[in-house]
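Understanding the architecture of this molecule
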Amino acid sequence: MLGETQRSPLTSSVAKVCPVKTYAFAGASKRALDMYAAPILERFGESARIGGFFDTNPVRAAYLGRASAAPVFADFDEMLRQARPDCVIVTTIDRYHHEYIIRALEAGCDVITEKPMTIDDERCRAILAAEQRTGKHVTVTFNYRFMPYVTRVKELLVAGTIGEVLNVDFEWYLDRRHGADYFRRWHRRKENSGGLLVHKATHHFDLINWWLGDEPDHVFALGQRRFYGPTHAERGERCATCAFAGTCEFHVEYRDDEFMQAFYFAAEQHDGYMRDRCVFSEEIDIEDTMNVLARYRNGAQLSYSLVAYSPYEGWRSTLTGTKGRIELLEAESGPQAEEQHSTITVYSRDGQVQCHQIPKAAGDHGGGDDRLRDRLFGAQELPDLLGHMAGSRAGAMSVLLGVAANQSIASGQAVRIDDLLQEPSRH
Ligand SMILES: NC(=O)c1ccc[n+]([C@@H]2O[C@H](COP(=O)([O-])OP(=O)(O)OC[C@H]3O[C@@H](n4cnc5c(N)ncnc54)[C@H](O)[C@@H]3O)[C@@H](O)[C@H]2O)c1
């Protein structure tokens, strides 16, 4: 067994004081609060200040304003004029990311955007063109790259431990709590999220792209909605008023949850966003069962699957190369999630087996959120030796793999990423 330290030396943050930057928010979401606003106030006051919040929902915008003692604006452009941010943090629902990214770039701001960068190829091209035109910079916050376990895989691959990677298998399974949540909320419409092959798989496709140091080329996919949607006769509009509350496996109860009441339920009157819609609704048009095959530009092949109704949550992956194989298995809920270490098993071609035990890091997303924030707000000047920080090209590549998969599901044909990028073919 090889012991690992809690933080990789390549990603650890060293306190270095940066000039104070002003950040303004497009989207007063839960993610805006938990990932950015609260930690900026608590930990990064020397390098970051919040210039204001904009959201189309005044209740959520006011909540963030109160929590951060920062101004709230009813107009995004007015916020840019008054707050004069260096950088806009985009944390709205996915379908509008492109609008705020482009408007912020045009106003001379850099942008930090949540994943997915956007939800289709046209919006991707518009973002890439705006960034080029304005000379400002887009950062896409791929927090999974920063999980110590995932970072260690990158280190092993960069060190050539298994040679050139020829094949990747990657399987992600969402459980019936987390997975079901995507079928209650805005994500359940493809027009809002691009479906789970964009909204969720963008994390996974980015990891694979980053690990390989390559971009996808051809994509073929199958996908269906078999589990959620109108598969049950016993269904209602929402859990709060459902006649089947006592018997439904998917019933959720938020009556005594002060945060949910104040942040979502009290805000419904303005936009009809209900946090507890029925997972068996006819309105759902995203898949819950997805399989993707892809080939990379340098020839590696990927087999990927995603389901949203597993008894427990987690993922498994294998990477097989010219000199060996890496196997990964990680539970995120259920009994195995209690283990204190994650294990990376490396098989070499001469029969050696090495188990790398990586201590599980505290904090959201396997410690990824903390390490990413250190980079964003605390240690911007440190060298980024493994290329953890992602720009718009990486954001586009992870989205386009999902967009190509969506198009392939619809047409039954393989889809080329170059056709979506509309750049000259490399072949
Ligand atoms: N990286 C991660 O691990 C991670 C985790 C959670 C969420 N996210 C991302 O963060 C973003 C927010 O997700 P959430 O679950 O916190 O959302 P949420 O449901 O809490 O909030 C979404 C917000 O978008 C606002 N909104 C809707 N339309 C808008 C418009 N046209 N202009 C401005 N605001 C608008 C809503 O009023 C709401 O306040 C999403 O892009 C999501 O993918 C990332």
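Residues numbered from 1 in each chain as written. Predicted model: local features only at pLDDT ≥ 70, side-chain atom pairs only at ≥ 80, totals over all residues.

We now examine the overall build of the protein. Of the regular secondary structure elements, the protein holds 15 helices and 17 strands. Projected onto the principal axes, the alpha-carbon positions of the protein cover approximately 65 × 60 × 45 Å. By residue count, 45% of the 427 residues in the protein fall in the buried class. Here the analysis covers contacts within the protein between residues at least 6 apart in sequence; of these, 74% occur between residues at least 24 apart. (Helix = DSSP H or I, 4+ residues; strand = E, 2+ residues; numbered from the N terminus. Buried ≥ 20, exposed ≤ 12 C-beta atoms within 10 Å, placed from the backbone. Contact = placed C-beta atoms within 7 Å.)

When the domains of the protein are assigned, the result is domain 1 (2–143), domain 2 (144–225 + 285–366 + 388–421) and domain 3 (229–283). Averaged C-alpha coordinates put domain 2 and domain 3 at centres separated by 30 Å. Counting residues at the interface gives eight residues for domain 2, matched by eight residues for domain 3. In the side of domain 2 that touches domain 3, the residues fall into three nonpolar, no polar and five charged. (Domains from an automatic or database assignment. Nonpolar A, V, L, I, M, F, W, Y, C, P; charged D, E, K, R; others polar.)

Attention shifts here to helix α5 (residues 121–134). The terminal C-alpha atoms of α5, which comprises 14 residues, lie 20 Å apart, in line with the 20 Å expected from a rise of 1.5 Å per residue. Three or more residues of α5 are buried, namely Asp121, Arg123, Cys124, Ile127, Ala130 and Glu131. Where the residues of α5 are buried, they touch α4 (97–106), β7 (138–140), α14 (392–411) and α15 (417–421). Of the residues flanking the end of α5, it is Gly135, one or two places downstream, whose phi is positive at about 75°. (Expected span 1.5 Å × (residues − 1).)

The next subject is the packing of helix α10 (residues 201–212) against α14. Following both chains from N to C, one finds α10 and α14 inclined at 120°, their axes separated by 8 Å at the closest point. Between α10 and α14, the interaxial angle falls into the category oblique. Judged by the sense of rotation from one axis to the other, the crossing of α10 with α14 is right-handed. Between α10 and α14, the residues in contact are Ala201, Thr202, Phe205, Asp206 and Asn209 and Ala394, Met397, Ser398, Val399, Leu401 and Gly402, respectively. For the contact of α10 with α14, a count of residues per class yields six nonpolar, four polar and one charged. (Axes fitted to C-alpha atoms, helices over the stretch in contact; angles between N-to-C directions. Parallel < 35°, antiparallel > 145°, perpendicular 65-115°, else oblique. Left-handed = near helix turned anticlockwise from the far one by under 90°.)

Another point: the site of the ligand. As a matter of local geometry, the ligand sits amid 20 residues, with Ser29, Lys30, Arg31, Asn57 and Glu114 nearest to it. A breakdown of the residues in the shell around the ligand according to their chemical character gives four nonpolar, nine polar and seven charged. (Near = placed C-beta within 6 Å.)

For the rest of this paragraph, the subject is the sheet that holds β7. Taken in spatial order, the seven strands make up an open sheet running β4-β3-β2-β5-β6-β7-β16, and their pairing is mixed. Across the chains shown, the open sheet's two edge strands, defined by having one partner strand only, are β4 (72–73) and β16 (390–391). Relative to strand β6 (residues 110–113), strand β5 (residues 87–90) runs parallel, the two being bridged by four bridges. Counterpart to Val88 in the pairing with β6 is Val111. (Pairing = 2+ DSSP bridges.)

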